[in-house]
Amino acid sequence: MSEEIRFTVDGGLATIELTRPRALNALTLGMIRAMHPRLEAWEDDESVMAVVVKGEGEKAFCAGGDVRAVYRSIVDDLGGTGPSELSVSFFLEEYRLNHAIHAFSKPYVAILDGVTMGGGVGLSVHGSHRIATERLMFAMPETGIGLFPDVGGGWFLPRLPGEVGTYLALTGARLDAAGALALGIATHFVPSARLTGFEAALATTIGESDDGRAAINDVLARFSQPLADDPLAPHRGVIDRCFQAASVEAILDALDREAAAGSAFAADAAETLRHKCPTSLKISLEQLRRGRAMSSLAEVLTMEYRLSQHCMQGTEFFEGIRAVLVDKDHAPKWSPDTLAGVTNGLVAQHFAAIPGREFSL
Ligand code: QUE
């Protein structure tokens, strides 16, 4: 645990580095417990003007939450039915950290140089600056592991343009740097070859300045570059027409109609959805629709914490982790295995309050 995360302060610039490169810097409870109090201390420390967060290695910023450990704590230690101490604490403390990043009053600069999924998105999107490199691979892939796009996905996804957030949430589609920048998921693009110079310039400029935000914007003006060719731009019409539908079944019908009319993109999206967890698809769509109408991230995280805890009492998360991260056969047997099998009652149960252990900041 001691070497899962590293903190350094250089002049006015504080840096957090996730140091589990062989696990794609997947976020552990130990990292969360080390990081949250540091952020709070830096918030109150007048000598700290900005925070950088990055991942060790060239592959990943952060591939997600350490869901493998959550799986083990229930399947190996408890024989397969949750919750476990870890599953209760992990999601609670992770979402609290997501909120602390959202509320952080100083510049928070996430360097998205590589895989950034799930929990890694939660460590970055809520901050003020998200720097993509050409190695960025962004995704919210949770419907493929029996979960839902958490860490505030119910907040930021429905606030993306049109229905793109619904598309990303349900299909788990990947975005590159140009795609992330075009949607506002990334705020800037800096080539990975210039990151060392960028971070050095940040430390120097912040050290000479009394305004962290202005210093960062100065350095970004020197190091960031425009990126054209938004890969989703040609498909935004299809996405908005299909993913606005009121149910997952209606979204699939709309995609099938667009596919029959010649859209290979729609055919691909429909085929992808047919392999995702049916329960995940329905709870995720409901999560995004509810999240769109909510007025604070805390309210969204309260909903998502309930969802996370109900997922720990079902079967789908365990089957998803087994298929994707444990046995790696990528052939999950979902149950129910059809959308029709996922009743409105089953969806509603996932949103029920959890008396005695609700989310709190
Ligand atoms: C969905 C997810 C995760 C995922 C794959 C999904 C996730 C996560 C990882 C992951 C990947 C590589 C690792 C690791 C974890 O994969 O959250 O430890 O080495 O952490 O389809 O949500």
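Remember, it's a predicted structure, so these values are computed and weren't measured experimentally. (Residues numbered from 1 in each chain as written. Predicted model: local features only at pLDDT ≥ 70, side-chain atom pairs only at ≥ 80, totals over all residues. Heavy atoms only, no water.)

Moving on: the overall build of the chain. Each helix and strand counted, the chain has 16 helices and 9 strands in total. In terms of overall size, the chain behaves like a compact globule, its C-alpha atoms giving a radius of gyration of 20 Å where 361 residues would be expected to give roughly 21 Å. Taking the principal axes of the C-alpha coordinates as reference, the chain spans close to 60 × 50 × 40 Å. A buried classification covers 58% of the 361 residues belonging to the chain. When contacts within the chain are restricted to residue pairs at least 6 apart in sequence, long-range pairs at least 24 apart make up 73% of them. In the chain, 32 side chains carry a positive charge and 46 a negative one; their mean positions are 2 Å apart. (Helix = DSSP H or I, 4+ residues; strand = E, 2+ residues; numbered from the N terminus. Rg over C-alpha atoms; globule rule 2.2 N^0.38 Å. Buried < 20%, exposed > 50% of the residue type's maximum accessible area, 1.4 Å probe, protein only. Contact = heavy atoms within 4.5 Å. Lys, Arg positive; Asp, Glu negative; His and termini not counted. Charge placed at Lys NZ, Arg CZ, Asp CG, Glu CD.)

Counting 98 residues, the largest nonpolar core has Met35, Leu39, Leu123 and Leu168 as the members making the most contacts within it. If you tally residues by element for this core, the top one is helix H14 (residues 297–312), at 8 residues. Once you skip the residues sitting within four places of it in the chain, Leu39 turns out to touch Ile16, Val51, Leu97, Ile101, Phe104 and Tyr108. Counting residues in hydrophobic clusters, the runner-up holds 19 residues, among them Val52, Ile131, Leu202 and Phe223. (Core = buried A, V, L, I, M, F, W, Y, C linked by side-chain atoms within 4.5 Å.)

A word on the side chain of Glu4. Secondary-structure assignment places Glu4 in the segment before strand S1 (5–10). There is a polar contact of 2.5 Å between the side chain of Glu4 and the side chain of Thr28. (Polar contact = N/O pair within 3.5 Å; in protein donor to acceptor, adjacent residues only side chain to side chain.)

Now for the packing of aromatic side chains. Tallied over the entire structure, the rule returns 11 aromatic pairs. Each ring, one from Phe104 and one from Tyr108, has its centre 6.3 Å from the other, and the planes form 75°; the classification is edge-to-face. Summarising the burial analysis for this pair, Phe104 and Tyr108 share the class buried. The structure contains a cluster of three or more aromatic residues connected by ring pairs, namely Phe90, Phe91, Tyr95, Tyr305 and Phe359. Sitting above the plane of the Phe351 ring, Arg290 keeps its charged end 4.2 Å from the centroid. (Phe/Tyr/Trp six-rings, centres within 6.5 Å; stacked < 30°, edge-to-face > 60°. Lys NZ or Arg CZ within 6 Å of the ring centre and 35° of its normal.)

It is worth stressing that arrangement in space is one thing and function is another; only the former is reported here.
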